[in-house]
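So you can see what is in the structure, the chains are spelled out below.
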Amino acid sequence: MDSPSLTKTIDHGLAWVATATALVAVCDVVALALILHLWLDATAFGVVSAVVTVFPALTLLAELGLPAALIQGAEPDDTRLSTAFYLTVAAGLALYAAVVLLAPVVAAAQGQPQMTRLFQVGGLMLVIRPAYLMHRALLRRQLRFQELSVIRMIANLVELVVKLGVAAAGHGLWCLVVAPLARELVYALAIPTRLRWRPRLLCAPRRCGADLRFGLRTSSGEILFHVYSNLDYQIVSAYFGATALGLYRAAFELVIEPVRFVSEVVTVVAFPAFARLRHDRGAVTAQLVKFARHNVATVLPMVALIVVAASELLTVIIGPAYAPAATAARVLAVVGVLRALSHLGPPLLDGLGRPELTLRYHVIAALVLGVAFVVAGQSGQSLGYLAVALAWAAGYPLAFAALAFMVLGQLDLPVAKLARPLARIGALVLVAALVGGVVAASLPETLGPLARLGVLTVVVLGLCGALLIWAGELSPRALAGAIRRSPKSGPRAKKGRVRAQASPPAQRPSAPRTPPSSARAPSPRTRSPAARAPRRPARRRR
């Protein structure tokens with residue numbers, strides 16, 4: 001695939017992943033708002049949060065990094081694919097057995113006996129996921145993000161229905177454990193149907209030696225990422241209690257989860273895209289700048305709205321009981337900007353075949369943030385869970401600086417070349433945030449939170465969108481065109497080629513007829529010598 005076609009395919013994938021991510025974000029916000037408003041209090045939300053936030057690291061551990069190795073490495077054959085399939089199945093079963101055995105110990109340490117059953121039921125996703133991991137890796141390798149995005153939208157709609165149904169049936173916090181299992185089942189049933197490949201009775205671990213080495217280095221970094229990203233939940237639960245964890249997670253979900261969703265639009269496409277472009281560092285650099293502009297242009301307006309209207313957002317979306325978490329949400333908003341950019345670093349380093357640098361970054365982040373969280377828990381009793389939010393704001397910039405140094409060093413990219421377009425976007429969003437702050441200060445106190453939120457949303461997001469479109473950083477028409485435009489491969493492209501071949505060839509335009517009054521020019525052989533002599537160029541009039 002040539003570079004222009006690959007660029008169009010990447011843009012097409014970005015558009016579809018953006019569409020799916022927007023739908024998933026809406027489903028999650030709607031589900032969380034209804035559940036916390038109607039069926040779940042902060043304490044129960046804290047208990048289930050301590051359980052479900054453990055599974056992202058466990059699911060990555062069960063993958064052994066093999067999907068990433070299949071995406072980045074050479075074209076896989078049946079033996080490699082089948083071996084990787086059976087290895088992930090075995091790893092998932094082993095980890096699920098460990099969860100079942102250790103769940104009572106963790107529940108006793110947390111002082112919450114109901115966690116035992118929550119861990120044991122939620123851990124079933126470790127058994128379900130291997131059914132589609134290899135198929136999804138192949139689809140991602142082929143950049144078939146449209147099909148993956150459609151399945152993702154269906155799966156998350158099913159998750160939404162199950163969440164609300166289980167909660168309405170009176171099962172409370174179980175809705176946040178059972179619904180993800182329903183989503184995983186949809187993936188396991190739907191994704192394998194998009195490929196003809198099925199695992200064969202082949203298992204040759206030696207053939208997957210290189211894949212395991214690459215995958216374990218890659219997955220080790222991702223596991224560390226999920227460990228330190230979710231360690232703050234365990235610290236808040238251990239030092240400040242389940243109710244504090246419910247409030248803290250509400251603030252975190254308001255800021256970091258939207259950032260994660262928006263960043264996922266790019267990161268899902270980034271790794272296979274960088275892997276395809278890895279031999280052309282100029283193309284990798286251009287794609288990195290483009291991805292960074294996408295992330296910043298979409299994340300910064302949300303961060304601006306959170307800073308201006310954090311209290312109104314928490315009150316309207318989650319409930320008045322969560323309004324005290326507004327200060328923590330504003331502190332975490334600063335972290336959200338850096339998190340949006342840092343999500344590009346690991347896919348780029350892995351795509352270039354340098355997973356050891358990704359692992360090094362995650363080790364640095366885990367050490368810095370782990371120490372910061374523990375210090376915040378031990379010495380921040382007066383601040384409560386706000387101390388953990390401040391630990392994020394103090395520690396994460398150090399880890400981000402290390403990642404930026406590694407990425408820029410690999411590409412020999414000057415800081416100014418990457419920072420200049422991002423600073424322009426930041427300046428435009430800052431103008432909108434300042435205007436929003438002035439409007440927020442001028443609104444009367446008697447105005448309800450819903451009305452205040454509506455006014456501030458229109459002002460901040462509307463002004464951000466207008467300024468970014470005016471500056472050429474956002475283009476709704478380009479997004480719509482990317483969604484409609486499919487890559488030049490697959491059934492549609494073949495159908496188009498057939499139509500092109502069946503159409504009649506274009507005829508040459510006929511020569512203009514001579515006017516009736518003019519005589520036909522004689523052939524050169526019948527012309528007289530005087531006529532065959534070259535004509536002198538006509539003199540120009542002065």
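Residues numbered from 1 in each chain as written. Predicted model: local features only at pLDDT ≥ 70, side-chain atom pairs only at ≥ 80, totals over all residues. Heavy atoms only, no water.

Enquirer: What am I meant to see in the overall build of the protein here?
Expert: When helices and strands are tallied, the protein shows 22 helices and 0 strands. Counting only residues that meet the buried cut, the protein has 51% of its 542 residues in that class. Restricting to contacts in the protein with at least 6 residues of sequence separation, those with at least 24 account for 83%. Surface exposure of the protein reaches about 26300 Å², of which carbon and sulfur atoms provide 65%. (Helix = DSSP H or I, 4+ residues; strand = E, 2+ residues; numbered from the N terminus. Buried < 20%, exposed > 50% of the residue type's maximum accessible area, 1.4 Å probe, protein only. Contact = heavy atoms within 4.5 Å. Areas by Shrake-Rupley, 256 points an atom, 1.4 Å probe, with all protein chains shown as cover.)

Enquirer: Where do I start with the pattern of salt bridges in this structure?
Expert: Between side chains of opposite charge, a pair can form when the charged atoms approach closely. Scanning all chains against the criterion turns up 12 salt bridges. E356 is the partner of R354 in a salt bridge, and the nearest nitrogen-oxygen pair spans 2.3 Å. Relative accessible area serves as the criterion here: at 27%, R354 is assigned to the partly exposed category. One continuous salt-bridge network, built from bridges that share partners, spans D28, E63, R129, R136, E159, K163, R183 and E184. (Salt bridge = Lys/Arg side-chain N within 4 Å of Asp/Glu carboxyl O.)

Enquirer: How should helix α2 (residues 42–52) be read in this particular structure?
Expert: Residues three or four positions apart in an α-helix share a direction because the helix packs 3.6 residues into each turn. Counting buried positions along α2 gives 9 out of 11 residues, so the element sits mostly inside the fold. Listing the buried residues of α2 in full gives A42, A44, F45, G46, V47, V48, S49, A50 and V51.

Enquirer: What exactly am I supposed to notice about the confidence of the model for the protein here?
Expert: The predicted coordinates ought not to be read in detail in places where the model reports low pLDDT. For the protein, per-residue confidence averages 80 on the pLDDT scale, and 83% of positions sit at 70 or higher. Low pLDDT, under 50, characterises residues 486–542; the stretch is placed with 10 contacts to residues that sit more than four places away or in other chains. (pLDDT = per-residue confidence, 0-100.)

Enquirer: Even after reading the chapter, I still don't get unusual backbone geometry, so can you show me in this structure?
Expert: The general pattern is negative phi for most residues beyond glycine and trans for most peptide bonds. The backbone of L64 shows a phi angle near 60°, a positive value even though the residue is not glycine. Along the polypeptide, L64 turns up in the loop between α3 (55–63) and α4 (66–72).

Enquirer: Whenever I open this one, the packing of aromatic side chains confuses me. Can you help?
Expert: Two aromatic rings, taken as a pair, are described by how far apart their centres are and by the angle between their planes. For the coordinates displayed, the defined rule picks out 13 aromatic pairs. Between Y132 and Y187 the ring centres are 5.5 Å apart and the planes differ by 45°, which places this aromatic pair in the tilted class. On the criterion of sequence distance, the pair formed by Y132 in the loop between α7 (125–128) and α8 (133–141) and Y187 in helix α10 (residues 175–190) is long-range, its members being 55 residues apart. Here Y132 and Y187 have matching classes, each one buried. Judged by centre distance (6.4 Å) and plane angle (65°), the rings of Y248 and Y385 are edge-to-face. Of this pair, Y248 sits in helix α12 (residues 242–277) while Y385 sits in the loop between α16 (355–379) and α17 (386–411), and the two are 137 residues apart along the sequence. Given the relative accessible area of 0%, Y248 is considered buried. (Phe/Tyr/Trp six-rings, centres within 6.5 Å; stacked < 30°, edge-to-face > 60°.)

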